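# Examining the three-dimensional arrangement
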Amino acid sequence: MIVHNGPTTSLVLEARGDRPPVWRWWGPKVDAAALPPLADIRPPTSFSLDVDQPLTVTPAFGSGWFGSPALRAHRAGRAFAHWFETRSIVATDDGIVVTLVDETARVTVVQRISVRGDGITLSASVINDGDGVLDVEWLAAGTLPLPADCTGIRSFQGRHNAEFVPQVEPMPSHGWLRENRRGLTGHAGPPGLFVMGPDAGWHGGRVHAAQLAWSGNHRLSIERDDDGVWLLQMGEAPAPGECRLAPGERYDTPDMLAICSVAGLNGAMQGFHTAIRGRAPWPATGMPPRAVHVNSWEGFYFDHDEAALMALADRSAALGVERFVLDDGWFKGRDDDTAALGDWVTDRTKYPNGLAPLANHVVALGMTFGLWIEPEMVNPDSDLARAHPDWALQADGVPLLTSRHQLVLDLGRAEVRNYLFEAIDALLRDLPIAYLKWDHNRDLAPAGGADGRPGYHAQVVGAYALLDRLREAHPAVEIEACAGGGGRIDAGIAARTHRFWTSDCIDAVSRVRMQRGYLHFMPPEMMGSHVGASPAHSTGRRQGMAFRAAVALPGHFGVELDPATLTDRDAAVLGEAIARYKTLRDRLHTGRVWLGDGPDGLVWQMHGDIGDLLLSVTRIDPTIVRRPPAATLPPLAGAGPVRVRLIDLASEDGHPPPDAPLFARMRAEGVLFDGDWLAQAGLPIPMMKAESVALFALETP
């Protein structure tokens, strides 16, 4: 047996000589030392092949395994069925590499499983050993077994301005499939899911979870096999004819990050956060404090005026903002969204002396300067499109379909990537730019490359290559991944960028759900969370400044409005919130995150580590009970004495809700509780209006 044990989980494979190794277990920790061979416990069954076909690490198509195969490939319709033999199994402390060969089809498949703690990373390669072309229709990054007693699937749907809509479904009788054909990740969130075991919830029970580190088309599937158990697969979803390997060529899948948690959803989420933090492109000195942003978009849109933007910088610096980001509208001919994408030179009508005066003014105020770009796109009405009409993705017989009046540049072409690198590199060399907001405002359709074949894969690889090249040339520049808001949030681009724009919707009520969905997959320090205007531009709803700021607090905090539009009171509240964020961001952005639901419609989240925690309790709707029930905090079981301080109750001014003496003491020196009491009986919660947030510090004395 090949066994890898994490702190709380085990992975068990059984080697079978020249036959491919089979899965025996992936789940809570077990002792496999006395495990009998699989052949000894699987009796023959009726109407079955005489050679048993259990679930292997790379199940083959067409040779007796009738479940979902790991590989679908052929040579002009032949060599479609595969019979793999084991060439080698290399097992180390860090993982397992299995190499399988089909000598007749002349195909090699390599399955890699790396292990870190209770998390595993799977990836696979297929190599064409033959003399002709090998057409690859599908290669799973990994195939994982799921126990027979799984009860449900938790995933997310979404659209622009409505990302991370949770979906909870029972386990399927036959199968579950989510396939993305948009060419980028999509507004549902990362390509990932959570599979719930019996009695699993936020804080306890078994949860299997996985996400694919890929920013393009993808396929996630769960299928029930004849034995009544499920198998989970993830991988890139190639378009017809997209993956054709010449002799000697190989295709490598994206990574599949997988977690088995025995501590419920929170344990799985924390495992993902650890994995993403391990991939994040921070410098050797580590992550710097996440600077407070102001972004010009919702304050000014395309109406750029140098003096007005300098005044925005002045007002923002006075509030304590640390980074000024100039959004869309700064480049030549960009007065609306119909023209000029691709022409990355400063508009001299709006900025007669270029961007340097504004950028230098920002830096002189003690802030860093950031700039919005959308390199992967081009407007037909642009100098670039007129000079190179063939540079846009296109397909014979399909109109050049625009979205937001723009087409997609073919990043599979080296000349396109070179043009974009030179344009962006010039900006970064000429201006004191510390930050790029990198946007991507449409799906890929049509998506034919220069050779007429599908260009989805090449587009993602090209975008990665461009980002990598720019980061190598300018390692100090931070990059935000934005795609019409949250359309490209995934572990693939997380290895190349430092922040995600969670959604173009900054309505604070909507953001409560979105940000909790985001935290299922990604850590809070990479979550762009801004204070927007009231009424919110995307929904028209109004929320108080204190509530808007409190909802934005746990992520990478920013401001998406012009402070000149604020009342003196709102400006003061915002300034206080910025100061609070600066004192708390080290604790908010390190350690673990727990989510939970309270009674009477409350939701809560905790950041940090046991002994030094920040707890925010959020109420969206008015209470329906006379007195607020306590909120149980199961992660504090066994923590011993815990001092609870009420840092703030973010709510609208006006008629205050009734108070109690306990909360006055919480606001002062704090109140001691036992951790088990907080876990079982719960933390007393003050009376809260609708759209309010209570922020607590929970510390071990």
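Here the structure is shown first, and the text comes after it.
Analysis parameters
Residues numbered from 1 in each chain as written. Predicted model: local features only at pLDDT ≥ 70, side-chain atom pairs only at ≥ 80, totals over all residues. Heavy atoms only, no water. Patch = residues over 30% accessible without salt bridge, like charges linked within 9 Å, V, L, I, M, F, W, Y side chains within 5 Å. Areas by Shrake-Rupley, 256 points an atom, 1.4 Å probe, with all protein chains shown as cover. Salt bridge = Lys/Arg side-chain N within 4 Å of Asp/Glu carboxyl O. Helix = DSSP H or I, 4+ residues; strand = E, 2+ residues; numbered from the N terminus. Phe/Tyr/Trp six-rings, centres within 6.5 Å; stacked < 30°, edge-to-face > 60°. Buried < 20%, exposed > 50% of the residue type's maximum accessible area, 1.4 Å probe, protein only. Lys NZ or Arg CZ within 6 Å of the ring centre and 35° of its normal. Core = buried A, V, L, I, M, F, W, Y, C linked by side-chain atoms within 4.5 Å. Contact = heavy atoms within 4.5 Å. Pairing = 2+ DSSP bridges. Polar contact = N/O pair within 3.5 Å; in protein donor to acceptor, adjacent residues only side chain to side chain. Axes fitted to C-alpha atoms, helices over the stretch in contact; angles between N-to-C directions.

### Thoughts on a nonpolar patch on the surface
On the surface, Met-1, Val-3 and Leu-35 cluster together to form a nonpolar patch covering roughly 220 Å² of accessible area. With respect to the secondary-structure elements, Val-3 resides in strand S1 (residues 2-5).

### A word on the packing of aromatic side chains
Considering all chains together, one arrives at 18 aromatic pairs under this definition. An angle of 75 degrees between the planes, with centres 5.8 Å apart, marks the rings of Phe-194 and Phe-272 as edge-to-face. You can see Phe-194 sitting in strand S14 (residues 192-196) and its partner Phe-272 sitting in helix H1 (residues 264-279), a full 78 residues away along the chain. Here the two residues Phe-194 and Phe-272 agree in accessibility, since each one is buried. Aromatic side chains Phe-331 and Trp-372 sit 6.2 Å apart centroid to centroid with 5 degrees between the ring planes, which places their arrangement in the stacked category. Residue Phe-331 is found in the loop between strand S22 (323-326) and helix H4 (356-364), and its partner Trp-372 is found in strand S23 (residues 368-373); the two are separated by 41 residues along the sequence. The residues Phe-331 and Trp-372 share a single accessibility class, namely buried. Following the ring pairs from residue to residue traces out a cluster consisting of Phe-156, Phe-164, Phe-194, Phe-272, Phe-500, Tyr-518 and Phe-521. Sitting over the face of the ring of Trp-501, Arg-511 holds its NZ or CZ atom 4.8 Å from the ring centroid.

### Digging into the nonpolar core
Core analysis: the biggest nonpolar cluster contains 171 residues, and Val-126, Ile-222, Phe-324, Leu-326, Trp-330 and Phe-557 have the highest contact counts within it. If sequence neighbours within four positions are ignored, Ile-222 has contacts with Leu-146, Ile-153, Met-171, Pro-172, His-174, Gly-175, Trp-176, Leu-193, Val-195, Trp-230, Leu-231 and Leu-232. Leu-636, Val-644, Leu-683 and Phe-696 belong to the second-largest nonpolar core, a separate cluster that totals 26 residues.

### Side note on the sheet that holds strand S9 (residues 134-139)
Strand order in the open sheet made by the three strands is S4-S9-S18, with antiparallel pairing throughout. Since the sheet does not close on itself, it has two edges, and those belong to strand S4 (71-74) and strand S18 (244-245), each with one partner.

### Observations concerning the pattern of salt bridges
Pairing is possible between side chains that carry opposite charge, provided their charged atoms lie close to one another. According to the stated counting rule, one finds 43 salt bridges in the structure shown. For Arg-182, the salt bridge identified is with Asp-443, shortest N-O distance 2.6 Å. In this pair, Arg-182 sits in the loop between strand S13 (175-180) and S14 while Asp-443 sits in the loop between strand S26 (433-438) and helix H7 (456-473), placing the two residues 261 residues apart along the sequence. Judged by relative accessible area, Asp-443 falls into the partly exposed class, the value being 30%. A salt bridge links Asp-653 to Arg-569; the shortest N-O distance between them is 2.8 Å. Residue Asp-653 is located in the loop between strand S34 (641-650) and helix H11 (661-667), and its partner Arg-569 is located in helix H10 (residues 568-588); the two are separated by 84 residues in the primary sequence. Accessibility expressed as a relative area gives 51% for Asp-653, which makes it exposed. When salt bridges that share partners are traced, they join Asp-328, Arg-334, Asp-337, Glu-374 and Arg-404 into one network.

### A word on the environment of Ala-445
Tracing the chain through its elements places Ala-445 in the loop between S26 and H7. Judged by its relative accessible area of 34%, Ala-445 is partly exposed. Sequence separation between Ala-445 and Val-642 is 197 residues; the distance between their C-alpha atoms is 55 Å.

### Looking at the side chain of Asp-328
Structurally, the position occupied by Asp-328 is in the loop between S22 and H4. For Asp-328, a relative accessible area of 1% puts it in the buried group. A distance of 2.9 Å separates polar atoms of two side chains, one belonging to Asp-328 and the other to Arg-334. Excluding its chain neighbours within four sequence positions, the residues that come into contact with Asp-328 are Trp-297, Tyr-301, Phe-302, His-304, Arg-334, Trp-372 and Arg-404.

### Concerning the environment of Ala-483
With respect to the helices, strands and loops of the structure, Ala-483 is situated in the loop between strand S27 (478-481) and strand S28 (499-501). For Ala-483, a relative accessible area of 1% gives the class buried. Spatially, the C-alpha atoms of Ala-483 and Asn-360 are 28 Å apart, while their sequence positions differ by 123 residues. For Ala-483, the residues in contact, after removing those within four places along its chain, are Leu-184, His-187, Asp-439, His-440, Asn-441 and Arg-488.

### Structural notes on the sheet that holds strand S2 (residues 9-16)
Taken together, three strands build an open sheet; the order of strands is S1-S2-S3 and the sheet is antiparallel. Both outer strands of the open sheet, S1 and strand S3 (19-28), are each paired with one neighbouring strand and no more. Shown here is a sheet whose adjacent strand axes are inclined to one another by a mean of 15 degrees, direction ignored. Inspection of the sheet shows S2 paired to S3 by seven bridges, in the antiparallel sense. Within S3, the residue paired with Glu-14 across the bridge is Val-22.

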